[in-house]
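Observations on the three-dimensional arrangement
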Amino acid sequence: SDDKTLYVANSLEAAVQVIDLERGNVRETWSLADEKPTLVRQGEAIFYDARRSLDQWYSCHSCHQDGGSNAVTMDTLTDGSPFTKKAVLPLYSLNDTAPYAWHGWQPNLRVSLEKSLNTTMLGRTPSRIEVDALIAFLATLKPPPNPEPAPLDQLTRGRALFSGRAGCATCHSGPNGTDSKLHDVGLGMPTDRYPTYNTPSLIGVYRKQLLLHDGRVNSLEALFEGPDHPAKILPAKLSPRDITDLIAYLKSL
């Protein structure tokens, strides 16, 4: 009623906070729980906290929106080669998909997260418990399923191609859609420090706006129509219908 006070329900802190609008600060915090927030909750707070970055203007979520991607290419300053922008990778199933980054140069998740906070975001070094919390939260992230899957018969044909004649499953294998190995697929650049690339997961690929490591194509259709067609490395030639069925299956992952 005084037009100077704001009450905020802070779910991450399990508390109500009293904000002094004139001073722009937190005047009081009223805890609604006797217990400390869980490790997952603490990690969620870190993930959305812009104070972890230079000048406090972006968070992990800014690039990995809700664990996915912001659909832009960026130079994260971590791969040892300047001015080589890469498409932002989703953060799903990190515990099961080492190594990390496009070149797979980082085998340790903890070290990878610390380097992201320190080198990419230029923020302060996280404590061990903060990294534990962030890992715990990231483990809860799941990609949403495609709300408009293709007809079952088309998905069946596409799945058979993916696992068989097309040879996609040779590298994009297992429940997470990656063999977690490094491959030279002929898409590198002279400025890259590393010649090989970490097989990206295809889970949730229907949501991606940029494909390949440098985001050079913006759809699966464009990928199969353009000069970087996977036929460069696939063992079999694919007909137009094969490609349509395969894309339909990929979009269901």
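This write-up is about the structure you can find in this document. (Residues numbered from 1 in each chain as written. Predicted model: local features only at pLDDT ≥ 70, side-chain atom pairs only at ≥ 80, totals over all residues. Heavy atoms only, no water.)

Here's the deal with helix α7 (residues 240-250)
- Buried residues dominate α7, accounting for eight of its 11 residues.
- All of the buried residues in α7 are D242, I243, D245, L246, I247, A248, Y249 and L250.
- The elements touched by buried residues of α7 are α5 (152-163) and α6 (220-225). (Buried < 20%, exposed > 50% of the residue type's maximum accessible area, 1.4 Å probe, protein only. Helix = DSSP H or I, 4+ residues; strand = E, 2+ residues; numbered from the N terminus. Contact = heavy atoms within 4.5 Å.)

Concerning the sheet that holds strand β1 (residues 5-10)
- Overall, antiparallel pairing links the three strands, which are arranged β1-β2-β3 in an open sheet. The open sheet is flanked by β1 and β3 (25-31), the only strands paired with a single partner. Sheet twist, expressed as the average angle between the axes of neighbouring strands with direction ignored, equals 25 degrees.
- In terms of strand pairing, β1 meets strand β2 (residues 15-20) through six bridges, oriented antiparallel. Counterpart to A9 in the pairing with β2 is V16. (Pairing = 2+ DSSP bridges. Axes fitted to C-alpha atoms, helices over the stretch in contact; angles between N-to-C directions.)

What to know about the packing of aromatic side chains
- Counted under the stated rule, the structure contains six aromatic pairs.
- Plain terms: the ring middles of Y7 and W30 are 5.9 Å apart, the flat faces sit at 40 degrees to each other, and that makes the pair tilted. Here Y7 is found in strand β1, whereas its partner W30 is found in strand β3, with 23 residues between them in sequence.
- According to the relative accessible area criterion, Y7 is exposed, its value standing at 52%.
- For W30, a relative accessible area of 39% gives the class partly exposed. (Phe/Tyr/Trp six-rings, centres within 6.5 Å; stacked < 30°, edge-to-face > 60°.)

Brief notes about the pairing of β3
- When β2 meets β3, the two strands line up antiparallel, connected through six bridges. Bridging from a neighbouring strand, A15 pairs with S31 of β3.
- Joining the antiparallel neighbours β2 and β3 is a turn of four residues, in which G24 adopts a positive phi near 70 degrees.

Focus on the nonpolar core
- With 20 residues, the main nonpolar core has F162, F224, L238, L246 and L250 as its most contacted residues.
- Looking at this core, the elements with two or more residues in it are α5, α6 and α7.
- Broken down by element, the residue count for this core peaks at five residues, all from α7.
- Once you skip the residues sitting within four places of it in the chain, L238 turns out to touch L161, R165, A166, F224, I243 and L246.
- Residues L91, L94, A133 and L138 belong to the second largest nonpolar core, which totals 19 residues. (Core = buried A, V, L, I, M, F, W, Y, C linked by side-chain atoms within 4.5 Å.)

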